[in-house]
Amino acid sequence: MSHSTVSRSRAEADDRAGRTPVASGDATGTRKKGRTGKLSLRLRFRRDRVLLLMTLPAVLLILVFNYLPILGNIVAFQDYDPYVSTNGIVAMLHSPWVGFDNFQRIFADSAFWNAVQNTLVLFVLQILLFFPVPILLALLINSVVRPRVRAVAQAVLYLPHFFSWVLVIAVFQQLFGGAGVLSQLLRRHGYNGLDIMTNPSTFKFLVTAEGVWKDAGWGIIIFLAALASVSPDLYEAAAMDGAGRWRRMWHVTLPALRPVIALLLVLRVGDALTVGFEQILLQRDAVGPGAAEVLDTFVWWNGVRNQDFGYAAAAGLIKGVVSLGLVLAANKVAHLMGEQGVYKK
């Protein structure tokens, strides 16, 4: 029997068995793969070593500034005294342990529960009022035919994202403050002036409006990028089936945005207890802590101003644990809806 006939017979046998033929010079090829056919960890490391080296600086930054500070949560179980030593780690080792006393104080503190209530109210308002705005604006900009008009509108809406909160609040003060444009306009027409900036009852709506004006442009970019991936053939097929503009938006555009909306919503729910520290701290004295105190300002006020570090660390730890639970719960809901969420199942 000839050599070519033998080789062809071996290839046909391998094909029937569902295996890929292995060259005679690579007899160790099957040993380099696991039983499931996947590459070993060593081979995958060699294959992706360039990408791993590229991500190494980012991983180091995350470890140093995000994960190592988690060890400082031990302060929540201490009566921490930073003046014991100039070294923070030595100060933690020499500070007396108090167990769960700080947590008992927090749960009995009415100011803490007031901060929790204000935080949740602001979160609900931002979900209902702030989250849909970038989606609606992205759909509106995407419907504009002229590219120049679209570019100008997107640039104008995105510009406030680069403003600091000091500048944003100054702009709102000039518009809605006691001596602002709105109050002056009302006085000229015989009405009393209106000072929204110092009104505790409208403070939560003011904070939400400031957030919409500043950060809506950032969300528009994300949703426009998702819309750019939608195939024009889908719109043409829907139009040929008789679907109007609104039906094409409902059956083509929104399903394309659904994975992005689910992902951003999960991230937003995980960030529910962080509603803008700098923004609220700058306006806290104008409306009082009863209306403006949130968990972040509560932690800052007790930890930095009152130097009750163990008490503030306990409040921050509670916030972190609850936020983690919210992320896991929201991601589970995304999985039940058929979306990927932050991570796969």
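Data block above holds the structure.
A few points on the structure. If you're wondering where the values come from, they're calculated on a predicted model, not measured in any experiment.

Criteria and cut-off values
- Counting restarts for each chain: residues are numbered from 1 in the order of the written sequence.
- Local features in this predicted model are restricted to residues whose pLDDT is 70 or higher, and side-chain atom pairs enter the listing and the counts only when it is 80 or higher, whereas totals over whole chains, interfaces and linings include all residues.
- As a rule here, side-chain values come from all non-hydrogen atoms in the structure, and water together with hydrogens is ignored.
- Helix numbers and strand numbers start at the N terminus; a helix is a DSSP run of H or I with at least 4 residues, a strand a run of E with at least 2.
- Residue exposure (1.4 Å probe, protein chains only): buried if accessible area is under 20% of the type maximum, exposed if over 50%, otherwise partly exposed.
- Any two residues whose heavy atoms approach within 4.5 Å at even a single point are treated as in contact.
- For the area figures, the Shrake-Rupley method with a 1.4 Å probe applies, and any residue is considered shielded solely by the protein chains shown.
- Salt bridges are identified by distance alone: a Lys or Arg side-chain nitrogen within 4 Å of an Asp or Glu carboxyl oxygen.
- We define a nonpolar core as any set of buried Ala, Val, Leu, Ile, Met, Phe, Trp, Tyr and Cys residues linked to one another through side-chain atoms lying within 4.5 Å.
- The aromatic pairing rule takes the rings of Phe, Tyr and Trp, using the six-membered ring of Trp, and pairs them if the centres are within 6.5 Å, calling planes under 30 degrees apart stacked, those over 60 edge-to-face and the rest tilted.
- Only when the NZ of Lys or the CZ of Arg is both within 6 Å of the ring centre and within 35 degrees of the ring normal is a charge said to sit over the ring.

1. As for the overall build of the protein
Okay, so step 1: The helix and strand inventory of the protein stands at 18 helices and 0 strands.
Okay, so step 2: A burial count over the protein gives 29% of its 345 residues as buried.
Okay, so step 3: Across the protein, contacts joining residues at least 24 apart in sequence account for 63% of those joining residues at least 6 apart.
Okay, so step 4: Accessible surface, the protein: about 22400 Å² in total, of which carbon and sulfur atoms supply 65%.

2. Brief notes about the pattern of salt bridges
Okay, so step 1: Counted according to the given criterion, the structure contains 5 salt bridges.
Okay, so step 2: Ionic pairing is found between Arg-47 and Asp-48, a salt bridge with its closest N-O pair at 3.1 Å.
Okay, so step 3: The class for Asp-48 is partly exposed, based on a relative accessible area of 25%.
Okay, so step 4: Across the pair Asp-308 and Arg-105 runs a salt bridge whose closest N-O atoms are separated by 2.7 Å. Separated by 203 residues along the polypeptide, Asp-308 in the loop between helix 17 (295-305) and helix 18 (309-336) and Arg-105 in helix 6 (residues 101-107) bring together distant segments of the chain.
Okay, so step 5: Look at Asp-308 and you get partly exposed, because its relative accessible area is 22%.

3. Digging into the side chain of Lys-214
Okay, so step 1: The topology assignment puts Lys-214 in helix 12 (residues 203-228).
Okay, so step 2: In this structure Lys-214 touches Pro-160, His-161, Phe-163, Ser-164, Trp-165 and Val-168, once residues within four positions along its chain are discounted.

4. Observations regarding the nonpolar core
Looking at soluble globular proteins, one finds that nonpolar side chains tend to be buried together.
Okay, so step 1: One finds Leu-122, Phe-123, Phe-203, Val-275 and Ile-280 to be the most contacted residues of the largest nonpolar core, which totals 21 residues.
Okay, so step 2: Only helix 7 (110-130), helix 10 (165-176), helix 12, helix 14 (245-270), helix 15 (277-287) and helix 18 provide two or more residues apiece to this core.
Okay, so step 3: Sort the elements by how many residues they give to this core and helix 10 lands first, with 4 residues.
Okay, so step 4: If we skip the residues at most four places from it in the chain, Val-275 touches Thr-119, Leu-122, Phe-123, Gln-126, Ile-280 and Val-294.
Okay, so step 5: Counting 19 residues, the second largest nonpolar core, distinct from the first, contains Ala-76, Leu-273, Leu-295 and Phe-298.

5. Looking at the side chain of Asp-296
Okay, so step 1: Tracing the backbone shows Asp-296 in helix 17.
Okay, so step 2: On the basis of relative accessibility, which here comes to 15%, the residue Asp-296 falls in the buried class.
Okay, so step 3: The contact partners of Asp-296, leaving out residues within four places of it in the chain, are Leu-273, Thr-274, Phe-277 and Lys-319.

6. Quick look at the packing of aromatic side chains
Okay, so step 1: Under the counting rule described, the total for this entry stands at 15 aromatic pairs.
Okay, so step 2: When the centroid spacing of 5.3 Å and the interplanar angle of 45 degrees are considered together, the rings of Phe-77 and Phe-103 count as tilted. With Phe-77 in the loop between helix 4 (49-67) and helix 5 (88-94) and Phe-103 in helix 6, this pair connects stretches of sequence that are 26 residues apart.
Okay, so step 3: What makes Phe-103 buried here is its relative accessible area of 10%.
Okay, so step 4: Centre to centre, the rings of Phe-298 and Tyr-311 are 6.0 Å apart; their planes meet at 55 degrees, and the pair counts as tilted. A residue pair is termed long-range when its members are at least 10 positions apart, and Phe-298 in helix 17 and Tyr-311 in helix 18 qualify at 13 residues.
Okay, so step 5: In this structure Phe-298 comes out as buried when scored by relative accessible area, which is 3%.
Okay, so step 6: Grouped by ring-pair contacts, the aromatic residues Phe-107, Phe-112, Trp-113, Phe-298 and Tyr-311 constitute a single cluster.
Okay, so step 7: Residue placement shows Arg-284 over the ring face of Trp-301; its charged tip is 4.2 Å from the ring centre.

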